[in-house]
Structure formats: structure tokens, C-alpha cells
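The lines below spell out each chain.
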Amino acid sequence: MTISEKKLYPRTGDSQTVYLKSVVTDPAIEVGEYTMYNDFVHDPREFQKNNVLYHYPVNGDRLKIGKFCSIACGAKFLFTSANHALGSLSTYPFPIFFEEWGLDAKDIRQAWDKRGDIVIGNDVWIGFEAVILSGVTVGDGAIIGTRAVVTKDVPPYTIVGGAPARPIRRRFEDAVIEKLEALRWWDWDEEAIRRAIPAIQSGDLAALEAL
């Protein structure tokens, strides 16, 4: 059976799991093929509304998620407008109430510290109710632990956990990580990936390289 990235529900009878690319409509959110989101609390089709927060067009920041990622229920992506300006003598966001205080509407972004895009690599697993803050890049193959709060970049194939999240360990030795990053199996065509699944699941890097 051919698996289409355009298919909404990848599992027959499972309406809690969606291919995320099929439910995202915001042009400022980019999702790669086969990335899935599971939500047993809310409708997973409401990912943009429930999981991508403080993401306002005025900032121009983007959420970029790679291919073959697994995103667990309740994972959140918090953008720039959640970061009240720390250089101010008050954390109160006066600029967003420009009408109340007679301020210039064009200066609204002075209410927060702009930190930029959130970028999630390929084959990343984001655990239950994890939170990823604006400006963070998560490398390929990384794992974000349950309820972790990710405030800094996560290197490829690194497991992080805690609040704030800290590295727990790397998933593989450096040489293996370098080979996986060079192979980039997630960019192969569908049939090549299908042939590679036994090698991927068994952890047989040599067999994967031989394909």
C-alpha cells in the first residue's frame, strides 16, 4: 500500500493521530512529510490553535518542523510574544496597549524580546507536554523528554529532559551520528525508505549504508 503524505489519518480507525502537514494551513508553519501528531485530549486537527502559541504575524517568525517527526499530545511551541521585554524596567507590555497609553502602534514589538524561529530537525521525537521556546533549534534525531522546557538549542541525536531542559546523553557515538547525518535517509524516495525500514529498526547502520 502506498502511504501518501496527504492522507489525514495514517492509521485506520485512529482519529487521534494525524499527519501534521495535512492539517496545517498557516503559511508561517512548515511541516515535512510523514511527521505525525497524536492528541488524546483535543482534536489533533486543531494543532495550530492549541499547540502553536503567541505566534502572531506582526513578528514574522516561523515554525519549521522536519520529516518523520513524532510529536506527542500537548507539546507546545511558544513564540516571541510570550517573551516580555527584559530590558524594560517593567515586564508590563505597555506597547500592546498603545491606544490606552497614547503610544505609536508601529512600536508594538517593543513589548517583547524577539528571539526568532523555532526549527525542528528530521526524525525528532517530542514527548508529552514538552514546551519549546522561540529561537530554539532542535537537531535531527533528537529526543525531547516528557514535560521538558527547551530554552536552548539541542544538538542532533541528543536526549534532553527537565525544566529547563538539559542534555541527558547522546543516542549514538559521534561517528554513527556523522554517518546518519550524511545519509539523511528521510530525504530518500518512498520506495528506498520502505526497503530501509528493516535496517533502520534493527539499528543496522552497515545495512543502511549498503542500500
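One structure accompanies this document, and this report is about it. (Residues numbered from 1 in each chain as written. Predicted model: local features only at pLDDT ≥ 70, side-chain atom pairs only at ≥ 80, totals over all residues. Heavy atoms only, no water.)

### Remarks on the pattern of salt bridges
Applying the stated criterion to the full structure yields 13 salt bridges. Put simply, Asp14 and Arg11 hold a salt bridge, and the shortest N to O gap is 2.9 Å. Taking relative accessible area as the criterion, Asp14 reaches 13% and is therefore assigned buried. The exposure class of Arg11 is exposed, given its relative accessible area of 53%. The closest approach of N and O atoms between Glu129 and Arg147, which form a salt bridge, is 2.7 Å. Of this pair, Glu129 sits in the loop between β9 (125–126) and β10 (131–133) while Arg147 sits in the loop between β12 (143–144) and β13 (149–150); the two residues are 18 residues apart in sequence, bridging distant segments of the chain. Three or more residues are tied together by salt bridges with common partners; here these are Lys67, Asp140, Arg184 and Asp187. (Salt bridge = Lys/Arg side-chain N within 4 Å of Asp/Glu carboxyl O. Buried < 20%, exposed > 50% of the residue type's maximum accessible area, 1.4 Å probe, protein only. Helix = DSSP H or I, 4+ residues; strand = E, 2+ residues; numbered from the N terminus.)

### Details of the packing of aromatic side chains
Tallied over the entire structure, the rule returns 11 aromatic pairs. Seen in terms of ring centroids, Phe40 and Phe128 are 6.0 Å apart; in terms of plane orientation they differ by 10 degrees. Their pairing is stacked. Here Phe128 lies in the loop between β9 and β10 and Phe40 lies in the loop between β3 (36–38) and α1 (47–51), a separation of 88 residues in the sequence. Taken together, a centroid distance of 4.9 Å and an interplanar angle of 65 degrees make the contact between Tyr92 and Phe94 edge-to-face. Taking relative accessible area as the criterion, Tyr92 reaches 41% and is therefore assigned partly exposed. (Phe/Tyr/Trp six-rings, centres within 6.5 Å; stacked < 30°, edge-to-face > 60°.)

### Observations concerning unusual backbone geometry
For the peptide bond that leads from Ala163 to Pro164, omega is 0 degrees, which places it in the cis range. Its location among the elements puts Pro164 in the loop between β14 (158–161) and β15 (166–170). Unlike most non-glycine residues, Phe68 shows phi in positive territory, near 55 degrees. Among the secondary structure elements, Phe68 is positioned in the loop between β5 (63–65) and β6 (70–71). The phi dihedral of Arg184 falls on the positive side, at around 45 degrees, and the residue is not glycine. Here Arg184 is to be found in the loop between α3 (174–183) and α4 (190–202).

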